[in-house]
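# Structural characterization, general
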Amino acid sequence: MSDETLICSAKGCRADAVWVLAWNNPKIHTPERRKTWLACEEHREHLSQFLDLRGFLKDVVKFEDWQEPEIP
């Protein structure tokens, strides 16, 4: 990810991202594929619940600890 300021993925939110929510839609993605949403403190739980309810959520990691997985 670049050095630019990254913002929360919640609709209308302009806060800085603090969390990375890694997810995967098994109907369209291979099992190792990870898409990401970014979340501020305020929206982390809401976005996590949205993805988890659909069975998509794979991991929630502090932004500074996130490492993009290597896909062969």
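Here, every reference points to the structure presented above.
Residues numbered from 1 in each chain as written. Predicted model: local features only at pLDDT ≥ 70, side-chain atom pairs only at ≥ 80, totals over all residues. Heavy atoms only, no water.

## Brief notes about the side chain of His43
- Along the chain, His43 turns up in the loop between strand S2 (35-39) and helix H1 (44-53).
- Among residues more than four places away in sequence, those in contact with His43 are Cys8, Ala10 and Cys13. (Helix = DSSP H or I, 4+ residues; strand = E, 2+ residues; numbered from the N terminus. Contact = heavy atoms within 4.5 Å.)

## Remarks on the side chain of Ser48
- One can find Ser48 in helix H1.
- Those residues within four positions of Ser48 in sequence are excluded, and the remaining contacts are Leu21, Leu57 and Val60.

## Brief notes about the state of the cysteines
- In total, this model carries 0 disulfides according to the counting rule given.
- Cys8 forms no disulfide, and the closest cysteine sulfur to it belongs to Cys40, at a distance of 3.8 Å.
- Take Cys13: it sits in no disulfide, and the sulfur closest to it among the cysteines is that of Cys40, at 3.8 Å.
- For Cys13, a relative accessible area of 10% gives the class buried. (Disulfide = S-S within 2.5 Å. Buried < 20%, exposed > 50% of the residue type's maximum accessible area, 1.4 Å probe, protein only.)

## A word on the sheet that holds strand S3 (residues 57-62)
- Read across the sheet, 3 strands follow the order S2-S1-S3 without closing on themselves; strand pairing throughout is antiparallel. The sheet terminates laterally at S2 and S3, the two strands that pair on one side only. Averaged over all pairs of adjacent strands, the angle between strand axes in this sheet comes to 25°, irrespective of strand direction.
- Sheet topology places strand S1 (residues 19-23) next to S2; 5 bridges connect them, and they run antiparallel. Directly across from Trp19, in S2, lies its bridge partner Ala39. (Pairing = 2+ DSSP bridges. Axes fitted to C-alpha atoms, helices over the stretch in contact; angles between N-to-C directions.)

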